[in-house]
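Analysis of the macromolecular model
One letter stands for each residue in the lines below.
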Amino acid sequence: QVQLVESGGGLVQAGGSLKLSCAASGNIFVIKAMGWYRQAPGKQRELVATFGFIGSSSTNYADSVKGRFTISRDNAKNTVYLQMNSLTPEDTAVYYCNTAVFDWSNRLLEVWGQGTLVTVSS
């Protein structure tokens, strides 16, 4: 079993910054990818930023956050971070951490965190 623990959400004024973190633990042999998605009220869940852990370790950002958000990782801690700058009310959403991992039985598992609320006031 794999668990994700998220932290860092909260209330911030427009133009401000927040940093989210997500730590993976459990039956992990190797992490394939970790990232962040978000779901605003009345909208579908969408990709925010992802980080590949295997191969080229590529990053992928939604166009709406490019230049404002930065995803980073700490391999030793199986943790990813999302630094969010220049926040706007349109960034208000529940942010979910997601990971794809291979466990020690070589099974590929996809796991979602419980979500952390980010509210940006105007």
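Here goes a summary of the coordinates provided. The numbering scheme is per chain: residues are counted from 1 as the chain's sequence reads. Confidence filtering applies because this is a predicted model: local features only for residues at pLDDT of at least 70, side-chain atom pairs given and counted only at 80 or more, and all residues used for totals across whole chains, interfaces and linings. Side-chain descriptors were evaluated using all non-hydrogen atoms of the structure, hydrogens and water having been removed beforehand.

1. Things to note about the side chain of R68
Selection criterion: Helix and strand assignments follow DSSP, with helices taken as H or I runs no shorter than four residues and strands as E runs no shorter than two, numbered in order from the N terminus. For this analysis, a polar contact is any N or O atom pair within 3.5 Å, provided that within protein one partner can donate a hydrogen and the other can accept it, and provided that sequence-adjacent residues contribute only side-chain to side-chain pairs. Every residue pair with non-hydrogen atoms within 4.5 Å of one another is taken to be in contact.
For R68, the location among the structural elements is in the loop between strand 6 (59-61) and strand 7 (69-74). Only 2.8 Å separates the side chain of R68 from the side chain of D91, close enough to count as a polar contact. Those residues in contact with R68, other than ones at most four positions away along the chain, are Q83, M84, N85, S86, L87, T88 and D91.

2. Topic: the environment of S121
Stated formally: Relative accessibility decides the category of a residue: with a 1.4 Å probe and only protein chains considered, values under 20% of the type maximum give buried, values over 50% give exposed, and everything between is partly exposed.
Within the secondary structure layout, S121 lies in strand 11 (residues 116-121). Under the relative-accessibility criterion, S121 is labelled partly exposed at 26%. Each C-alpha atom, one on S121 and one on G16, is 9.7 Å from the other, the two residues being 105 residues apart in sequence. With residues up to four places along the chain from it excluded, the contact list for S121 reads L11, V12, Q13, A14 and P89.

3. Considerations on the sheet that holds strand 3 (residues 18-26)
Let me state the cut-off plainly: Strand pairing is assigned whenever DSSP identifies at least 2 bridges connecting the two strands. Only the stretch in contact is used when fitting a helix axis, every axis being a line fitted to C-alpha atoms; angles between N-to-C directions are given from 0 to 180 degrees.
The strand order across the open sheet built from four strands is 1-3-8-7, with neighbouring strands paired in antiparallel fashion. In this open sheet, the two strands that pair with only one neighbour each are strand 1 (2-7) and strand 7. Direction aside, neighbouring strands of the sheet carry axes that sit 15° apart on average. Pairing of strand 3 with strand 8 (residues 79-84), which is carried by six bridges, proceeds in the antiparallel orientation. Of the residues in strand 8, the one forming a bridge with A23 is T79.

4. Structural notes on the side chain of T99
Looking at the element boundaries, T99 is found in strand 9 (residues 93-102). For T99, a relative accessible area of 0% gives the class buried. Within the structure, T99 has its side chain in polar contact with the backbone oxygen of A33 (distance 2.9 Å).

5. Considerations on the pattern of salt bridges
Put simply, the rule reads: Salt bridges, as used here, are contacts in which a Lys or Arg side-chain nitrogen is within 4 Å of a carboxyl oxygen on Asp or Glu.
Under the defined criterion, the tally for this structure stands at five salt bridges. The residue D63 makes a salt bridge to K66 at a minimum N-O spacing of 3.1 Å. On the basis of relative accessibility, which here comes to 65%, the residue D63 falls in the exposed class. A single salt-bridge network, built from bridges that share partners, covers R38, E46, R68 and D91.

6. Here we look at unusual backbone geometry
The bulk of non-glycine residues show a negative phi, and the bulk of peptide bonds are trans. Not every positive phi belongs to a glycine, and S86 is a case in point at roughly 50°. Structurally, S86 can be placed in the loop between strand 8 and strand 9. You can call S86 partly exposed: its relative accessible area is 40%. Even without glycine at this site, N106 takes up a positive phi of about 65°. On the secondary structure map, N106 appears in the loop between strand 9 and strand 10 (108-112). The exposure class of N106 is exposed, given its relative accessible area of 57%.

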